[in-house]
Amino acid sequence: MKRFLLMLICMACLLTGCRGIGEKTSDPEEEKQLITVGFSQLGAESDWRKANTESMLQAFTEENGYELIMEDGQQKQVNQITAIRTFIQREVDYIVLAPVTEEGWETVLEEAKDAGIPVIIVDRQVKVKDKDLFTCWVGSDFALEGRKATEWLHAFTRAQGIDPAEINVVDIQGTLGSSAQIGRSAGILDASKKYGWKLLAQVSGEYTQARGREVMNYFLKVYDQINVVYCENDNEALGVIEAVEAAGRKVGSDIRNGEILVMSFDGVNETALQFAREDKISCIGECNPLHGPRVRKIIESLEKGETPEKYEYVDESIFSSLDQVQAVEVDGESYPVTLLK
Ligand code: GYE
């Protein structure tokens, strides 16, 4: 009987949410609820990614009124899908997804939608027919990055009087199927066709230094005429430089004298920026990782009942220490090059 009574009291407490004896009664400050955000980060492959994670952690602190639950997908979509399902079960207020690749998100986004949880996509995009499956996206225009970088190569080699037919490029791609890879790979493929450069090969270096080095080692064995390496991020470029130097070759923009010109994207890693100052990397297409405050702003506007822009593109520059190219033009728009000193 005693046990039964105790059970009844407990159930009543659970139902009414009553406090235990001795607990404080409602304090308005304490009542202030944290907004819970489930963040599925895709991994930790690069310095860009680390900066991106750090930016999210800094934006979504308790002091700012948030509880952030972050899950690392370790480059696997299946892990990210599991994370999203866990967020749904935990009834978070918002889900933020940095997707590893573009395809295959329909089902889980449908589940989040049915649960009434807004999903904000950050960095890479998702490819879904029904755009209502996510609230909005914020990130970079990767196709534009690729076009700006290749316009830089075109302008630079033209200024040097190099015949386009003498340009032999290899592309060390990012994670296949990711928006950043798709946009940047399209850049070099299209420009090679347009300007008559030889694109010898496109192989993924998975955005890491180790894979970048391995792929470059392989390329150096198979192709002896390479004079441009188009790396789809800085970490790959660092690996490429190691491979080139280990093979007794030099990186730099003097391709007429046997140097191998290295290009890359991001501009986050300090060593890569220093290498750009030294012309070991001749051009870096900037990619900004600091999305934390941007995502927070989106959530703040949703909290106010506003409708954020569906797609928010971040402005980006391109970095080089070579002053032959001051600006590049894409679709009639001029983009100044930030000259590194
Ligand atoms: O360029 C690369 C990272 O998706 C923009 O992913 C991002 C890319 C970034 O690993 O370094």
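A brief structural summary. Because the structure is a prediction, the values reported are computed rather than measured.

### Brief notes about the sheet that holds strand S6 (residues 168-173)
Pairing is mixed across the open sheet formed by eight strands, whose spatial order is S7-S6-S8-S9-S10-S12-S14-S13. Bordering the open sheet on either side are strand S7 (198-204) and strand S13 (327-330), each of which pairs with just one other strand. The mean inter-strand angle of the sheet, taken between neighbouring strand axes irrespective of direction, is 20°. Both strand S12 (residues 318-320) and strand S14 (residues 333-339) contribute to a ladder of three bridges, which runs parallel. Bridging across to S14, Ile318 finds its partner in Val337. Along the sheet, helix H8 (residues 209-222) contacts S6, S7 and strand S8 (228-231); its crossing angle with S6, the most-contacted strand, is approximately 150°.

### Observations concerning the sheet that holds strand S2 (residues 66-72)
Strand order in the open sheet formed by six strands is S2-S1-S3-S4-S5-S11, and the pairing between neighbours is parallel. Strands at the two margins of the open sheet, each flanked by one partner only, are S2 and strand S11 (311-313). Looking at each pair of strands side by side, their axes are set apart by 20° on average, direction ignored. Both strand S3 (residues 94-97) and strand S4 (residues 119-122) contribute to a ladder of three bridges, which runs parallel. Bridging from a neighbouring strand, Leu97 pairs with Ile121 of S4.

### What about the packing of helix H3 (residues 47-59) against helix H11 (residues 292-303)?
The contact between H3 and H11 brings their axes to 7 Å, and the two run at 40°. As judged from the angle between their axes, H3 and H11 are oblique. The segment H3 lies against H11, with Ser55, Met56 and Ala59 engaging Gly292, Pro293, Val295 and Arg296. Split by residue class, the contact of H3 with H11 holds four nonpolar, two polar and one charged.

About the cut-offs
Position numbers for residues count from 1 along each chain, tracking the sequence in the order it is written. Note on the predicted model: pLDDT of at least 70 is required for a residue's local features to be given, and 80 or more for side-chain atom pairs to be given and counted; whole-chain, interface and lining totals, by contrast, use all residues. To obtain the side-chain values, all non-hydrogen atoms of the structure were included, while hydrogens and water were left out. Two strands make a pair as long as DSSP finds a minimum of two bridges between them. Going along the chain from the N terminus, every DSSP run of H or I of four or more residues is numbered as a helix, and every run of E of two or more is numbered as a strand. Axis angles are defined between N-to-C directions and span 0 to 180 degrees, where every axis is a line fitted to C-alpha atoms and, for a helix, only to the segment in contact. Contacts between residues were defined by any pair of non-hydrogen atoms, one from each residue, lying within 4.5 Å. We call two directions roughly parallel when the angle between them is under 35 degrees, roughly antiparallel when it is over 145, roughly perpendicular when it lies between 65 and 115, and oblique otherwise. Here the nonpolar group is Ala, Val, Leu, Ile, Met, Phe, Trp, Tyr, Cys and Pro; Asp, Glu, Lys and Arg are the charged ones; every other residue, Gly included, is treated as polar.

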